[in-house]
Amino acid sequence: MSSLKQEIAKRRTFGIISHPDAGKTTLTEKLLLFGGAIQEAGAVKSNKIKKTATSDFMEIERQRGISVATSVMGFDYKSKKINILDTPGHQDFAEDTYRTLTAVDSVIVVIDVAKGVETQTEKLVEVCRMRNTPIIVFINKLDREGKDAFDLLDEIESKLGLNICPLSWPIGMGQRFKGVYNLWEKQLKLYTEVNKQKIANSIEIENIEDPKMAEMVGDEAAATLVEELGLLQGVYDDFDRDTYLAGNLSPVFFGSALNNFGVQELLDCFIEIAPPPQPKDANGVMVKPDEDFFSGFVFKIHANMDPKHRDRLAFMKIVSGTFERNKNYKHTRIGKSMKFSNPTAFMASKKSVVDQAFPGDIIGLHDTGNFRIGDSVSEGPDLEFKGIPSFSPEHFRFINNADPMKAKQLNKGIDQLMDEGVAQLFTLESNNRKIIGTVGALQYEVIQYRLEHEYGAKCSYENYPAYKACWIESSDEAQLEEFSKLKYRYLARDKFDRLVFLADSSFSLSMAREKFDKIQFHFKSEF
Ligand code: G4P
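All residue numbers here refer to positions counted from 1 along the written sequence of the relevant chain. It should be noted that, the model being predicted, local features are given only for residues of pLDDT at least 70 and side-chain atom pairs only at 80 or more, the latter also being counted only at that level, while totals for whole chains, interfaces and linings use all residues.

Going by an unreviewed UniProt entry, the protein carries the name Peptide chain release factor 3 and comes from Croceimicrobium hydrocarbonivorans. UniProt positions are given in the numbering used here, feature names are shortened, and annotations may be inferred rather than shown by experiment. The heading Function (unreviewed entry) in the UniProt record of the protein holds the text "Increases the formation of ribosomal termination complexes and stimulates activities of RF-1 and RF-2. It binds guanine nucleotides and has strong preference for UGA stop codons. It may interact directly with the ribosome. The stimulation of RF-1 and RF-2 is significantly reduced by GTP and GDP, but not by GMP." In the Sequence similarities (unreviewed entry) part of its UniProt record, the protein is described as follows: "Belongs to the TRAFAC class translation factor GTPase superfamily. Classic translation factor GTPase family. PrfC subfamily."

Just give me the short version of the site of the ligand, but keep the residues and values in it.
Inspection of the region around the ligand gives 19 residues, with K24, T25, T26, S256 and L258 positioned closest. Runs of H or I in DSSP of at least four residues are treated as helices and runs of E of at least two as strands, each being numbered from the N terminus. Per-element tally for the shell around the ligand: the top contributor is helix α2 (residues 24-34), with 3 residues. Here the shell around the ligand is composed, by residue class, of 4 nonpolar, 9 polar and 6 charged. Each residue receives a C-beta atom placed from its backbone. It is near a molecule or strand if this atom lies within 6 Å of it. The nonpolar class holds Ala, Val, Leu, Ile, Met, Phe, Trp, Tyr, Cys and Pro. Asp, Glu, Lys and Arg form the charged class, and all remaining residues, Gly among them, are polar.

Outline the domain arrangement of the protein, listing residues and values.
On domain assignment, one finds that the protein holds domain 1 (2-173 + 241-273), domain 2 (280-378) and domain 3 (395-522). Opposite the 9 residues of domain 1 that make contact, domain 3 presents 8 residues. Per element, the largest residue contribution to the side of domain 1 that touches domain 3 is 4 residues, and it comes from helix α4 (residues 94-100). In terms of residue class, the side of domain 1 that touches domain 3 is built from 3 nonpolar, 2 polar and 4 charged. The domain boundaries here were taken from an automatic or database domain assignment. For every residue pair, C-beta atoms are placed from the backbone, and the pair is scored as a contact if these atoms sit within 7 Å.

Account for the pairing of strand β4 (residues 106-112), naming residues and giving values.
Within a regular strand, side chains alternate between the sheet's two faces. Of all 7 residues in β4, 7 are buried, a share of seventy percent or more. With C-beta atoms placed from the backbone, a residue is buried if 20 or more other C-beta atoms are within 10 Å of its own, exposed if 12 or fewer are, and partly exposed between those counts. What you see with β4 is no split at all: S106, I108, V110 and D112 on one side and V107, V109 and I111 on the other are buried throughout. If DSSP finds at least two bridges between two strands, the strands pair. Bridge count for strand β1 (residues 11-18) against β4 is 5 bridges, and the pairing is parallel. Across the sheet, the residue bridging to I17 is V109, located in β4. Two strands pair when backbone bridges link them, and β4 and strand β5 (residues 135-140) are joined in this way by 6 bridges, in the parallel orientation. Along β5, the bridge assignment pairs V109 with V137. With the strands pointing away from the viewer, any crossover whose connection runs clockwise from the first strand over the helix to the second is right-handed. Regarding topology, helix α5 (residues 119-130) serves as the crossover connection from β4 to the parallel β5, and that connection is right-handed.

I'd like a description of the sheet that holds strand β28 (residues 468-474), backed by residues and values.
What holds strands together in a sheet is hydrogen bonding between their backbones, with the strands either parallel or antiparallel. Taking strand neighbours across the sheet as the criterion, the 8 strands line up as β27-β24-β26-β25-β29-β30-β28-β31 in an open arrangement whose pairing is antiparallel. Each edge of the open sheet is held by one strand with a lone partner, namely β27 (459-463) and β31 (519-522). Averaged over neighbouring strand pairs, the angle between their axes works out to 40 degrees when direction is ignored. Examined bridge by bridge, β28 and strand β30 (residues 499-503) share 4 bridges and lie antiparallel to one another. Counted as the bridge partner of C470 is F501 from β30. Orientation is described by axes fitted as lines to C-alpha atoms, over the contacting stretch for helices, and by angles from 0 to 180 degrees between their N-to-C directions.

Explain the environment of L428 to me, and be specific about the residues and the numbers.
Examined against the element boundaries, L428 turns out to sit in strand β25 (residues 424-428). Under the C-beta neighbour-count criterion, L428 is labelled partly exposed, with 19 such atoms within 10 Å. Beyond its immediate stretch of four places on either side in the chain, L428 contacts R433, I435 and A492.

Which residues make up the sheet that holds strand β8 (residues 179-182), and what values go with them?
Spatially, the 4 strands line up as an open sheet ordered β7-β8-β9-β10, and their pairing is antiparallel. Every interior strand has two partners, whereas the edge strands, β7 (168-171) and β10 (202-204), have only one. Adjacent strand axes in the sheet meet at a mean angle of 25 degrees, parallel and antiparallel pairs treated alike. Looking at chain direction, β7 and β8 are connected through 4 bridges and run antiparallel. The residue of β8 that forms the bridge with I171 is G179. Running over the sheet, helix α8 (residues 219-235) touches β7 and β8 and is turned about 145 degrees from β7.

Here it is in structure tokens:
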């Protein structure tokens, strides 16, 4: 095997997604402990934006700092090189998470055993399903009382639309939690041995009716286990890796991240079954990781928090070939040749300059304003990797200049913040006024604060009563023209000059859809 192929085969790049508080940070930390990337618990800071942050800008800034440190965490485990891409749990930053999901090859979904499937989990899993991203489910906090395991599986199937297949099964929960039986390895893991520093030993029990089981967990629990596993067999398909890789079957594990219980089983199975770096669509062409040219795309941009250094860090996922420091590559959108003298790699929370990087790796590129989210860089053909989705914002406000002397700074600031993907900009066709659309209200405060502190510009907002933004297209020119005339006041252009209808109510949107049947109304911009 060529060395490039060997490097590709070693890599596993994935994201952990969950509703806030399900245990994503705790699980990440335990995975890093296994990889030896950190030495003690508590080393990974939660990047949660706490509710109090809405009125505390320093807190937002501090937390942005944490989130850059934990954006990508790489570690080695059993000869695999694993990259965990962090995703913000706060729903106001959901767009950030959606974009990060375009750079992962698989995901682990964490679900709280007591709370079950929560809203944020539903939305994020839907995005993964749109891309057929392989999903593993980890049901967490078994040390607490929660929902019945069978009910939970039903809920996962119905609410998340996943086909599932349990690869471990809990023996009791909460006070009665005795451990898990690992169906993948045919091993019993007892919870009684657990203390947070020590990882419980596994006991191999090939046949679950083996009397050893009853000795270990008691007669009653052993009988329940036999009965439940019997039921499972009748209901769920056996695990099949190809079906999982196609995104059509999700293995389920049970455990307790806080107690480091069930985490190693998850990781060991993950490195065996999870996909290596995958090919990616660029203008209809599938670019394979082992192409002989380097290519990659930017999925996240992070501004420098030090106002004296205006450079930004663009996070690039390598799709194909070998990336080399100081080599010339083409930024395909602007057609410019660029080289990178200090690209950064992320190992746990440490950063270091790299000379080479391979498909699946994430590198940080220092940028003075050339990159926009979604941009591609290539050594070979002029690729444009298939877009990163924008969803219709939930909030819309006019942005006004509050300091006439600083118009230039304001425009530059708005441009750059939109390139970073902080929010979406729409320019009204009728009068060129600018409207900022966001997922959550928090972003308006972040934008105002950053415009002032990073660009020296002041802005004010004014409510714009839109209900949804729809990207519109039609093959029927006449109908599009009629629509444009009628709805002129509600039409705008997005950052890429695409036509957008800012519907003022769900009623007017459905009326428009009914009347203009040859126009397609899209709620996301990747179509
Ligand atoms: P998140 O990143 O998904 O938002 O969740 P995070 O890991 O921060 O966990 C949320 C809370 O749940 C934390 O408690 C954490 O300690 C707890 N937790 C995580 N895994 C388990 C588990 O297996 N069992 C139990 N019982 N609790 C678990 P917290 O009190 O909010 O925060 P902290 O003060 O403990 O950090």
